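# Observations on the model geometry
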Amino acid sequence: MKTVNSTGRVMNPYRQYAIAVKQAVAKYESKKEWKKNNPRGFKGIWKLAKCSMCKRGMRKDIAVLQIENKRENAPICMACIMGYKRKDPKDAGMSKWKTKTIKKFIKITNQSQN
């Protein structure tokens with residue numbers, strides 16, 4: 001089915017739709033390819049290793065160097081070396097909650113465990 005627009009040009013909506021779909025797919029593929037070839041951040045070195053003291057994640061490259069140098073109790077994260085106390089991951093999520101909400105949550109979890 002062909003139509004004629006106001007300027008007298010013959011338009012085929014099926015063909016226009018097919019062209020639009022091809023352009024959208026090409027745009028999607030090019031964006032995906034760009035993201036693959038241009039990674040952002042420290043993806044290469046942030047493959048996590050476990051700290052031997054706090055059992056939390058740490059940088060993989062630092063852990064490998066500590067093991068190569070035969071450091072005692074390796075790998076140890078920088079926070080443990082410096083003597084900082086790291087927040088418990090369970091408490092870190094509740095830090096923005098109101099005290100009433102925390103008490104209710106603890107009460108509900110205790111009831112569900114019994």
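In what follows, the structure referred to is the one given above.
Summary of the structure given here. (Residues numbered from 1 in each chain as written. Predicted model: local features only at pLDDT ≥ 70, side-chain atom pairs only at ≥ 80, totals over all residues. Heavy atoms only, no water.)

With that out of the way, let us pick up unusual backbone geometry. For the bond running from Ala 74 to Pro 75, omega is -5°, close enough to zero to count as cis. Looking at where Pro 75 falls in the secondary structure, it is placed in the loop between α2 (60-68) and α3 (78-82). Backbone geometry places Lys 55, a non-glycine residue, at a positive phi of 60°. Relative to the helices and strands, Lys 55 is located in the loop between β3 (48-50) and β4 (57-59). (Helix = DSSP H or I, 4+ residues; strand = E, 2+ residues; numbered from the N terminus.)

Here the focus is the side chain of Gln 66. With respect to the secondary-structure elements, Gln 66 resides in helix α2. Beyond its immediate stretch of four places on either side in the chain, Gln 66 contacts Met 58, Arg 71, Ala 74, Pro 75, Ile 76 and Ile 81. (Contact = heavy atoms within 4.5 Å.)

Okay, the pattern of salt bridges next. According to the stated counting rule, one finds three salt bridges in the structure shown. The shortest N-O distance in the salt bridge between Lys 32 and Glu 29 comes to 3.9 Å. A residue pair is termed a helical-turn pair when its members lie 3 or 4 positions apart in one helix, as Lys 32 and Glu 29 do in helix α1 (residues 13-37) at three residues. As a salt-bridge pair, Arg 59 and Asp 61 come within 2.9 Å of each other at their nearest N and O atoms. By relative accessible area, which is 28% here, Arg 59 ends up partly exposed. (Salt bridge = Lys/Arg side-chain N within 4 Å of Asp/Glu carboxyl O. Buried < 20%, exposed > 50% of the residue type's maximum accessible area, 1.4 Å probe, protein only.)

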